[in-house]
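Fold and contact review
What follows is each chain in one-letter form.
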Amino acid sequence: MELANEFSIGVPIAEAWVVLLDLERVAPCIPGAELQEVEGERFHGVVKVKVGPVTAQYKGVASIQERDDANHRAVIRFEGRDTRGQGAASGTLTATLAPANGGTHVSVHTDLKITGKVAQFGRGVLADVSSRLLRQFVEALEADVLARAAVAESAASEAAALDESEAEPRSGESAAEPAVDLLAVAGPAMIKRIVPVVLAIALLLWLLQRG
């Protein structure tokens, strides 16, 4: 399944490039995502997805496979499995940045393979949901990471003057995030297409509990 998205952020391309490739910094801005461990260029974490009464938690890893600083293009590989063994997701995300009106335009192409309950919604629903989630990500990114860039830069210069023995160690963990609710994100236009599947899943769970 291929998904195409794009967005713009109000910072120069050089700054946007550095920030967007710092997965540890941007992970808290991703709806439902929680970064748990950083191992070199490999980032381990979980993504929680809620569809009505059903919650799935994908535990996996993401890593930067290609990085073209000259053309501002990066390829990120990701893979994860449902912690209860009921599905999996994997694929590659290719991001290309270009200057636009003093800011940066970002094009994102995702080649996604997904199995399990979430896959039942099909490309149409997932494309709409991914677009909405991306908007939430951009809003969080601009409000959190980019808005504090100047403050962080000032703090970094002050921290450089401190003795390393007195500095606190950097943690690779981000704050736990609640599951992202696909029903809430999809909006009224998609709920009619999703509800029959959700009801079927809920009925199946009820029967299993009675069995």
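The notes below deal with the structure included here. Quantities reported herein were computed from a predicted structural model and do not represent experimental measurements. (Residues numbered from 1 in each chain as written. Predicted model: local features only at pLDDT ≥ 70, side-chain atom pairs only at ≥ 80, totals over all residues. Heavy atoms only, no water.)

1. Some details on the overall build of the protein chain
When helices and strands are counted, the protein chain shows six helices and eight strands. Secondary structure elements of the protein chain, listed N to C terminal, follow the sequence β-α-α-β-β-β-β-β-β-α-α-β-α-α. Of all 211 residues assigned to the protein chain, the portion counted as buried reaches 38%. Within the protein chain, residue pairs in contact and separated by at least 24 positions form 59% of the contacts whose partners lie at least 6 positions apart. (Helix = DSSP H or I, 4+ residues; strand = E, 2+ residues; numbered from the N terminus. Buried < 20%, exposed > 50% of the residue type's maximum accessible area, 1.4 Å probe, protein only. Contact = heavy atoms within 4.5 Å.)

2. A look at the packing of aromatic side chains
A ring pair, where both rings are aromatic, is described by two values, the distance of the centres and the angle of the planes. Counted by the stated rule, this structure contains one aromatic pair. When the centroid spacing of 6.4 Å and the interplanar angle of 85° are considered together, the rings of phenylalanine 7 and phenylalanine 137 count as edge-to-face. Taken together, the residues phenylalanine 7 in strand β1 (residues 2-9) and phenylalanine 137 in helix α3 (residues 122-146) connect sequence positions 130 residues apart. For the pair phenylalanine 7 and phenylalanine 137, one class covers both residues: buried. (Phe/Tyr/Trp six-rings, centres within 6.5 Å; stacked < 30°, edge-to-face > 60°.)

3. Quick word on the pairing of strand β5 (residues 73-82)
Here nine bridges tie β5 to strand β6 (residues 87-100), and the two strands are oriented antiparallel to one another. By the bridge assignment, alanine 74 is partnered in β6 with alanine 95. Between β5 and β6, which pair antiparallel one after the other, the connecting turn spans four residues, and glycine 85 there sits at a positive phi close to 70°. (Pairing = 2+ DSSP bridges.)

4. Side note on the pairing of β6
Sheet topology note: the β6/strand β7 (residues 103-116) ladder contains 14 bridges and is antiparallel. Counterpart to threonine 94 in the pairing with β7 is histidine 109. Between β6 and β7, which pair antiparallel one after the other, the connecting turn spans two residues, and asparagine 101 there sits at a positive phi close to 50°.

5. Quick notes on empty space enclosed by the protein
Any space left empty among the atoms is revealed by the rolling of a water-sized probe across them. As enumerated under the stated definition, the model contains two cavities of 30 Å³ or more in all. Considered as a void within the structure, the largest cavity measures approximately 1500 Å³ in volume. Lining the largest cavity are 48 residues, and of these Ile30, Ala33, Val47, Phe78 and Leu93 lie nearest its centre. Class assignment for the residues of the lining of the largest cavity results in 38 nonpolar, seven polar and three charged. (1 Å grid on protein atoms, 1.4 Å probe; cavity = no way out; pocket = protein on both sides within 12 Å on 5 of 7 lines; lining within 4 Å. Points joined across faces, edges and corners; volume = space filled by probe spheres on them. Nonpolar A, V, L, I, M, F, W, Y, C, P; charged D, E, K, R; others polar.)

6. Some points on the pattern of salt bridges
Inspection of the entire model under this criterion finds four salt bridges. Between arginine 73 and glutamate 66 there is a salt bridge, and its shortest N-O distance comes to 3.3 Å. (Salt bridge = Lys/Arg side-chain N within 4 Å of Asp/Glu carboxyl O.)

Limitation: the analysis is restricted to geometry and does not speak to function.
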